[in-house]
Every structure is written in structure tokens, then in C-alpha cells.
Amino acid sequence: MEFHKRFYRHRGITIIQKRDPALTRIRPGKVGLVLAGGAISGGAYKAGGLRALDELFKQRHTPGHGARRFSLTDSDIFVGLSAGSVLAAVLSAGVTPDEVLRITLGISETYEEFRRAQFMAPNWREPLERLLPFLAREQEVFTNWLSGATDAATGDSTTFGRALRKMIAALPSAFPTGLFSTHRLGAYVRRQMGRMAMPDDFGAAYARTKKELYLTAVDVNRGQMLVFGHDEAYGNVPISEAIQASCALPGWYRPVRVDNPRRAEAGEPPFFDLVDGGLVRTANVRVAVEKGADLVICYNPFTQIMYERPGRSLVDHGPYAYASQLFRILLGARLDLAKELLYRDETIDADIVFIEPAEDDYVFFRMNPLDHGTKDRAANHGYRSIRAAIQSNHERLAEVLATHGIEVHPPAADRGDLPGLGAEWSSTDMHETGQRRRHR
């Protein structure tokens, strides 16, 4: 029977299948893992879901190599943006999804927990940096008025009214561009990279692991997405700085200024002011495809919900629920458009699996993305919900993964909360147990 490409969607799993499962592969194809943003709750949700996804894999059969145990860390290409950049970097270094989850919950015996202090470092330096230039500008305008100097632009004399308008117009230049700074996040990443003996350099990291890591951020001045990786034009930017930039949510964080490694070249700026990689893309599946991935697994924690309560509306729940849905519609609609384009693009010959929350996942919807206190519940919920989604789509997933030599475990009964996290861990209330662990 002739094979036709397929577009399948059910309970948070979307599969774009373009490879004929009946064809025998003569070489092992590359597997790409793409991790979208998600802030704090979304990152924790992904950590739990990645653990559930990793449990699905059994082994991979590759021509000339036989069967070997397969895990997400055995992927060939890792692409991350925003909060996904942290997870992509860690997984590409060989840290298992189980250990990533332990780090998230604060029970790792090797790595530090990601604490509120790293996430919410006050942006106190920027106001001080802006103060002196602002005062100098105000003094210049005031002095021009006192001296009767003419306006350089118009040639008119500087009147009191014109000077006052200029001084008021300059006020915004004194305000900070974000509430917080990512400098502690960068320091945290560098410490953990030191613990795993991983170089803070894309080229050196690739030479050691043979895993391709790509992180994205947006250049504010040119309005363009920049891709950082060992074979990219700006690949000499340190990994930790690329992560800081990719996580710099506008308004929440100040932009991250990064030295341009190509600043000596004609037409290149001396530096970049970079913000969250999710500003122009919800995910970067095309980056993985362009780097040669035949199978791409994309994990996006933020998508709109389908609110269907008789006689009620999300608007009835107040401005937070309304704003949250609008934010998720924006991210989800962009990714839905990308899915459609990927499906229709005949130049793309890859199977792509998208993992997202189900349309009726009200539990995760109610979690504040920027609330550090939700991360334990989000991780547990991510594990349970993604595990349930995998089980309900097991047959379809097994088929598309088998096309790439990946054998999966058979469907298993629901085990409830996260298993195998140590004797001190109670599955009845993860949040309280996490608090006990941290206050010992």
C-alpha cells in the first residue's frame, strides 16, 4: 500500500509523519530534541514530562550497531529557547531526565537546586548605570537654556518651554528595562557546568560529547533571531551567556548584552542586546531539521485550553485567567501555524512529534508561570499528564519511533505520582516533601 504523509493529533500529542515505516534505513538517522520555553512552572512541567517520555524508550536498533539502550540524552541534536535552553544544555551534557527532575525538585545529590534567588535577582545595577548619562543629558539641556544657545537641529533659540519638553522627554531613558537580571542565572549555570566538567563553550562541548547544542535569542536592535551553536556564525559566545540571553523575558528581565565575537568584521556591531528566544518563535523545529534530524521530538508546555463550561466564560474568572489564555493563544497559534507549514513543506523529510498539555488541562493552566512555589506540583503534574498522553497515543508513537529504530516499552498501568525518587519521597504530597527536604 502506498504511503501518504499523516497529520495526527490527540490528547496533547501531535505527529507529523512523513517517513514511510515500510522502508528500510541504510544509515542511522539523527534524532533531535527541541525544548520550547515555559518559565518556572513550564520548565518544571517539562522536567516531569521528560522523565515520563524517557520511560517510554527501550532501545534503538541502528544499522551496523545492533540494539542499544536509548534515552533522551542519546539524541544527536538539542535545540532550546527560553527555559528550554537550560534543559537542552543539561541534557546535551549527558545529565539524565531522572537527574534533571531531581535538580528541579531539589533532591539531587550532585547538582544545586534552582532556587528563587537565581530566578529573581533584582535589576539594581541598571538604574545606577543609567543615572549618570541621564543627569548629564538633563544638565546639557538646562545649560543650553541658561546660555541662550540655539537648537542644533532647528537653529531656533532654546526657550524655557522647549528645554522643559526635552527634559521630560528624556525621563524614560532613566528607567530600567526589566525588574530582574539574569546574572545569577548565568552564575548558577556556570557552577553546574563546572560540576559536570562541561566546558562553557559550544565548540569544546561538541568536541567532548559529539552532541549538537543550539540555543536561540532575539537581537533587539535588528529584530532578528540569532542561533548559537558550535557551527554557527556566533558560536563563540559562551553557553552560559547564550542561556542568559535566551531566558531574558522582556519586561521581567533586562536585555542581556553580549560581546559580538565577529565585531572586527565589517558591518558587525560591537555587541548584541538580546532577549527571550521565544519572542519570535514558540519552538525551533526547523533548526533541528536543517541540522539533519530525521526524527524531531518537540516539547512545548504552553498551549491554549478549550474552555467548555456551560453558561460560563474564562473572562468570568478575572483578568489573570483572561491574560493567561491570551498569552497561550499567542504561543499556541504560532506553533499550530508552524505545524501546518512543516506538514505542507515538501522539502522537509522528517517525522516530528509534538508533546503539549491536553486541551482540557485546567490544572496546569491555573499554575502561574512565574511562581517558583508551583514547580514541585508542576513537575508531578507534568509527569502524570504526559505519561497519560503517551499511553493514550502509544500505538501511533510506537509506529513512528520504530521507523527510526526506536523500540518502546509496552503500555503500562498508571503508577500515579513520580516513582523512584528515593525513600524520603512521599507520592502523596510532593510539595510538602520538597519543603521538608530543603529545611533539613
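Residues numbered from 1 in each chain as written. Predicted model: local features only at pLDDT ≥ 70, side-chain atom pairs only at ≥ 80, totals over all residues. Heavy atoms only, no water.

### Section: the sheet that holds strand β8 (residues 178-181)
And then number 1: If you trace the 3 strands from one edge of the open sheet to the other, you get β7-β8-β11, paired in mixed fashion. Strands with a single pairing partner mark the edges of an open sheet, and in this sheet they are β7 (121-122) and β11 (251-253). (Pairing = 2+ DSSP bridges. Helix = DSSP H or I, 4+ residues; strand = E, 2+ residues; numbered from the N terminus.)

### Things to note about unusual backbone geometry
And then number 1: Of note, A39 is a non-glycine position whose phi angle comes to about 55°, a positive value.
And then number 2: Looking at where A39 falls in the secondary structure, it is placed in helix α1 (residues 39-56).
And then number 3: We classify A39 as partly exposed; its relative accessible area is 26%.
And then number 4: A positive phi angle is found at A197, which is not glycine, with a value near 55°.
And then number 5: With respect to the helices and strands, the residue A197 is situated in the loop between α7 (183-195) and α8 (202-209). (Buried < 20%, exposed > 50% of the residue type's maximum accessible area, 1.4 Å probe, protein only.)

### So, the layout of surface pockets
And then number 1: Approximately 570 Å³ is the volume attributed to the second largest pocket.
And then number 2: Around the second largest pocket sit 26 residues that line it, and R254, P255, V256, R257 and D273 are the ones nearest its centre.
And then number 3: Secondary structure elements with two or more residues in the lining of the second largest pocket: α5 (125-147), α9 (239-246) and β12 (256-259).
And then number 4: Partitioning the lining of the second largest pocket into residue classes produces 8 nonpolar, 8 polar and 10 charged. (1 Å grid on protein atoms, 1.4 Å probe; cavity = no way out; pocket = protein on both sides within 12 Å on 5 of 7 lines; lining within 4 Å. Points joined across faces, edges and corners; volume = space filled by probe spheres on them. Nonpolar A, V, L, I, M, F, W, Y, C, P; charged D, E, K, R; others polar.)

### Let's talk about the nonpolar core
And then number 1: Within the largest apolar cluster, 79 residues are counted, with the highest numbers of intra-cluster contacts made by F228 and I239.
And then number 2: Considering each element in turn, this core owes the most residues, 8 residues, to α1.
And then number 3: Setting aside residues up to four positions removed in sequence, I239 forms contacts with A89, M193, P199, D200, D201, F202, A205, L213 and L215. (Core = buried A, V, L, I, M, F, W, Y, C linked by side-chain atoms within 4.5 Å. Contact = heavy atoms within 4.5 Å.)

### Re the confidence of the model for the protein chain
It should be kept in mind that the predicted coordinates are not to be read in detail where pLDDT is low.
And then number 1: For the protein chain, the mean per-residue pLDDT works out to 90, and 92% of the residues sit at or above 70.
And then number 2: pLDDT under 50 marks residues 422-440. Its contacts with residues more than four places away, or in other chains, come to 31 contacts. (pLDDT = per-residue confidence, 0-100.)

### Some thoughts on the sheet that holds strand β4 (residues 57-62)
Paired through their backbone hydrogen bonds, the strands of a sheet run either parallel or antiparallel.
And then number 1: Strand order across the open sheet formed by 3 strands is β5-β4-β16, with antiparallel pairing between neighbours. Of all strands in the sheet, those with a lone pairing partner are β5 (66-69) and β16 (406-408), marking the two edges. Each strand of the sheet is rotated relative to its neighbour by a mean of 30°, with strand direction disregarded.
And then number 2: Pairing of β4 with β16, which is carried by 3 bridges, proceeds in the antiparallel orientation. Of the residues in β16, the one forming a bridge with R60 is I406.
And then number 3: Where α1 meets the sheet, it contacts β4, β5 and β16, and its direction lies at approximately 55° from that of β4.
And then number 4: Along the sheet, helix α14 (residues 394-402) contacts β4 and β16; its crossing angle with β16, the most-contacted strand, is approximately 155°. (Axes fitted to C-alpha atoms, helices over the stretch in contact; angles between N-to-C directions.)

### Quick look at the packing of α1 against helix α3 (residues 97-105)
And then number 1: Between α1 and α3, the least distance of the axes is 8 Å, while the angle of their chain directions is 155°. In terms of axis orientation, α1 runs roughly antiparallel to α3. Here α1 and α3 pass one another in a crossing that is left-handed. Seen from α1, the contacting residues are A44, A47, G48, L50, R51 and D54; seen from α3, they are P97, D98, V100, L101 and T104.
And then number 2: Grouping the amino acids of the contact of α1 with α3 by side-chain chemistry returns 6 nonpolar, 2 polar and 3 charged. (Parallel < 35°, antiparallel > 145°, perpendicular 65-115°, else oblique. Left-handed = near helix turned anticlockwise from the far one by under 90°.)

### What to know about the pattern of salt bridges
And then number 1: Applying the stated criterion to the full structure yields 31 salt bridges.
And then number 2: Here K291 ties to D231 by a salt bridge, and the two come within 3.5 Å at their closest N and O atoms. Remark: D231 occurs in the loop between β10 (224-228) and α9 and K291 occurs in the loop between α10 (285-290) and β14 (293-299); sequence separation between them is 60 residues.
And then number 3: Through salt bridges that share partners, R51, E55, D98, R102 and R387 make up one connected network. (Salt bridge = Lys/Arg side-chain N within 4 Å of Asp/Glu carboxyl O.)

### Section: the pairing of strand β6 (residues 77-81)
And then number 1: Along β6, 5 of the 5 residues are buried, which leaves the element largely enclosed by surrounding structure.
And then number 2: Judged by which residues are buried, β6 turns out to be covered on both faces: I77, V79 and L81 on one side and F78 and G80 on the other are all buried.
And then number 3: Where strand β3 (residues 30-35) and β6 come together, 4 bridges link them in parallel fashion. By the bridge assignment, V34 is partnered in β6 with V79.
And then number 4: Relative to strand β9 (residues 212-219), β6 is paired through 5 bridges, and the arrangement is parallel. In the strand pairing of β9, L81 is matched with T216.

### Thoughts on the packing of aromatic side chains
And then number 1: Under the counting rule described, the total for this entry stands at 14 aromatic pairs.
And then number 2: Centre to centre, the rings of F7 and Y343 are 5.5 Å apart; their planes meet at 85°, and the pair counts as edge-to-face. Placement of F7 in strand β1 (residues 6-10) and of Y343 in helix α11 (residues 319-344) is noted, with a sequence separation of 336 residues between them.
And then number 3: Look at F7 and you get partly exposed, because its relative accessible area is 32%.
And then number 4: Measuring from centroid to centroid gives 4.7 Å for F180 and W252, while their planes differ by 45°, and the two rings are tilted. (Phe/Tyr/Trp six-rings, centres within 6.5 Å; stacked < 30°, edge-to-face > 60°.)

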